Amino acid sequence: MIRPDWHYPRKPFTHDTFVALTRGPVPAMSLFGPRRTGKTEFLLHDLGHHAAAHYGHRVLYASFWQTSVAPLSLLIYAVSEALRPRSYADRVADWLRHPPIKVRIGSEKGPGAVELDLSDPREAQLGQDLLLLDDLLGQLANPEKPAILLLDEVQELATAPGGTEIMAGLRTALDRRRDGLRTVFTGSSQIGLNRIFSTRDAPLYRFAAPLTLPPLGPDFVTHQLAVFHRVFQRRLDPATALAFFDRFAGNPMVFQRWLMTLGQYRDLPEDKAADQTADALAHDLDFDRTWLDLQPHHRAMARILAERAHDPFGATGAARYETLTGQPAPIPQTRQSHVRTLARRGLADQWDREWRLTDPLFEAWVLDRPEAEI
Ligand SMILES: Nc1ncnc2c1ncn2[C@@H]1O[C@H](COP(=O)(O)OP(=O)(O)OP(=O)(O)O)[C@@H](O)[C@H]1O
Ligand SMILES: [Mg+2]
């Protein structure tokens, strides 16, 4: 494992997901969690580790986030790598690297060898490559001990070149081997996941059982404080730590950044470290630019969503809009179109029919803005 110390194992959730995935009636799950809440960490260091290192399942991981990489070639590469014998730790190290540009699949020089250029979408080869993927998945399938496919940021497939054909091919290949191949798809956009799994004519319609990553709680904080104590030989006040954790919606990444700041600057008071961490993160994630790129009416709607208004398009939303902008609120349809613009830019998302900002950190940042900045 890469960072054995700092990783907080989500034990009951890992166990339950593993059992449901390997022995349940449905061969796939779609795991949703907001931005930066630990989906990838869970896939690699909890579920994948549990399945591969404890139970000897073959596990593969591919993330479709890197849009510069052709998704079908990436899948073919991931499956062919999974067929090679390697330790789980070595695999994780490889998955965290950017994939190579050119790879050779099959025996090095033999007639079955295929060369793939991962940077090239090769639409002309789509049919042939889907056959190759199907063949490799056939080799990977194992009904005794199902191989586990961890496919991260799968919403990107919907808009990738050839995405529909790839999803259709994948569904056929996985459906034919329901006992031998089990899949977890993840995404940080509900709208994106719905497009893939809940749209009637989508190839993966109803293929996966939905699952939500549970939020981390006080146990995570206790665990991290204990590691902090071991590493930095210093104790932090648990109540202050918990208050910081809550201020940033229980976000593990922000919490660890705060611990790093405290570890580096021994004399920095905890509340100063909190403000410094928040500023540094906002800078790294370029929230200022995102905000400035929005029109005032988009900002007003972003603020209203950040406040989790129950009816952003109704009378309360309108009143809030007027207070924020000093202008009369446009009609509901116009306000809806502003929110759809935010969604198109990846800033807003719809959960259980309620609109929210996609990134909990951006949400906290927007709430911290003075209202006059709109
Ligand atoms: N269980 C955990 N134990 C310790 N740290 C964690 C844990 N889960 C998440 N983190 C920390 O939070 C960071 C963000 O997690 P991760 O990248 O897995 O989130 P994500 O939901 O996949 O984000 P994105 O939406 O950007 O893909 C990790 O790099 C790690 O530092
Ligand atoms: Mg991730």
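As the structure is a computational prediction, the values presented were derived from the model and not from experiment.

Reading the values: rules and limits
- Residues numbered from 1 in each chain as written.
- Chains lettered and ligands numbered in written order.
- Predicted model: local features only at pLDDT ≥ 70, side-chain atom pairs only at ≥ 80, totals over all residues.
- Heavy atoms only, no water.
- Helix = DSSP H or I, 4+ residues; strand = E, 2+ residues; numbered from the N terminus.
- Rg over C-alpha atoms; globule rule 2.2 N^0.38 Å.
- Buried < 20%, exposed > 50% of the residue type's maximum accessible area, 1.4 Å probe, protein only.
- Contact = heavy atoms within 4.5 Å.
- Areas by Shrake-Rupley, 256 points an atom, 1.4 Å probe, with all protein chains shown as cover.
- Near = heavy atom within 4 Å.
- Polar contact = N/O pair within 3.5 Å; in protein donor to acceptor, adjacent residues only side chain to side chain.
- Nonpolar A, V, L, I, M, F, W, Y, C, P; charged D, E, K, R; others polar.
- pLDDT = per-residue confidence, 0-100.
- Axes fitted to C-alpha atoms, helices over the stretch in contact; angles between N-to-C directions.
- Parallel < 35°, antiparallel > 145°, perpendicular 65-115°, else oblique.
- Left-handed = near helix turned anticlockwise from the far one by under 90°.
- Core = buried A, V, L, I, M, F, W, Y, C linked by side-chain atoms within 4.5 Å.
- Domains from an automatic or database assignment.
- Buried area = accessible area lost by both parts, 1.4 Å probe.
- Salt bridge = Lys/Arg side-chain N within 4 Å of Asp/Glu carboxyl O.

**Points about the overall build of the chain**
- When you go through the chain residue by residue, the secondary structure sums to 16 helices and 9 strands.
- What you see for the chain is a C-alpha radius of gyration of 23 Å, in line with the 21 Å of a compact globule of 374 residues.
- Among the 374 residues that make up the chain, the fraction classed as buried is 50%.
- For the chain, the share of sequence-separated contacts (at least 6 apart) that also reach a separation of at least 24 residues comes to 71%.
- As displayed, the chain has an accessible area near 18400 Å², and 51% of this comes from carbon and sulfur atoms.

**Some remarks on the site of ligand 1**
- Neighbouring ligand 1 are 17 residues; Tyr8, Lys39, Thr40, Glu41 and Gln256 lie closest to it.
- Between ligand 1 and Gly38 there is a distance of 2.9 Å, counted from an oxygen atom to a backbone nitrogen or oxygen.
- Taking Gln256, its side chain carries an N or O atom lying 2.5 Å from an oxygen atom of ligand 1.
- Starting from 640 Å² of accessible surface for ligand 1 in isolation, the protein chains cover 86%.
- Broken down by secondary-structure element, the contributors of at least two residues to the shell around ligand 1 are α2 (39-54) and α10 (252-264).
- Considering only residue class, the shell around ligand 1 consists of 6 nonpolar, 6 polar and 5 charged.

**Examining the confidence of the model for the chain**
- The predicted model of the chain has a mean per-residue pLDDT of 92, with 96% of residues at 70 or higher.
- When pLDDT is averaged over each element of the chain, strand β5 (residues 147-152) comes out on top at 98 and strand β4 (residues 114-117) at the bottom at 84.

**Brief notes about the packing of helix α8 (residues 218-232) against α10**
- Packing of α8 against α10 brings their axes to within 11 Å, and their N-to-C directions diverge by 25°. Considered as vectors, α8 and α10 are oriented roughly parallel to each other. The way α8 lies across α10 gives a crossing that is right-handed. Seen from α8, the contacting residues are Phe220, Val221, Gln224, Leu225, Phe228 and Phe232; seen from α10, they are Pro252, Phe255, Gln256, Leu259, Leu262 and Gly263.
- For the contact of α8 with α10, the residue count by class is 9 nonpolar, 3 polar and no charged.

**Points about the nonpolar core**
- By size, the foremost hydrophobic cluster in this structure holds 45 residues, and its most contacted members are Phe255, Trp258, Trp291, Leu342 and Phe362.
- It is helix α13 (residues 296-306) that provides the largest number of residues to this core, a total of 6 residues.
- Here this core gathers at least three residues from each of two domains, domain 2 (218-284) and domain 3 (287-373).
- Leu60, Phe64, Phe185 and Leu193 belong to the second largest nonpolar core, which has 44 residues in total.

**Here we look at the domain arrangement of the chain**
- Domain annotation of the chain identifies domain 1 (11-212), domain 2 (218-284) and domain 3 (287-373).
- Carbon and sulfur atoms supply 67% of the area that domain 2 and domain 3 bury against each other, a total of about 480 Å² over both sides.
- At the boundary of domain 2 and domain 3, one finds 1 salt bridge.
- Measuring nitrogen to oxygen at the nearest pair gives 3.9 Å for the salt bridge that ties Asp368 to Arg247.
- Remark: the boundary between domain 2 and domain 3 carries 1 residue pair in polar contact (both at pLDDT 80 or more).
- Grouping the amino acids of the side of domain 2 that touches domain 3 by side-chain chemistry returns 5 nonpolar, 1 polar and 1 charged.

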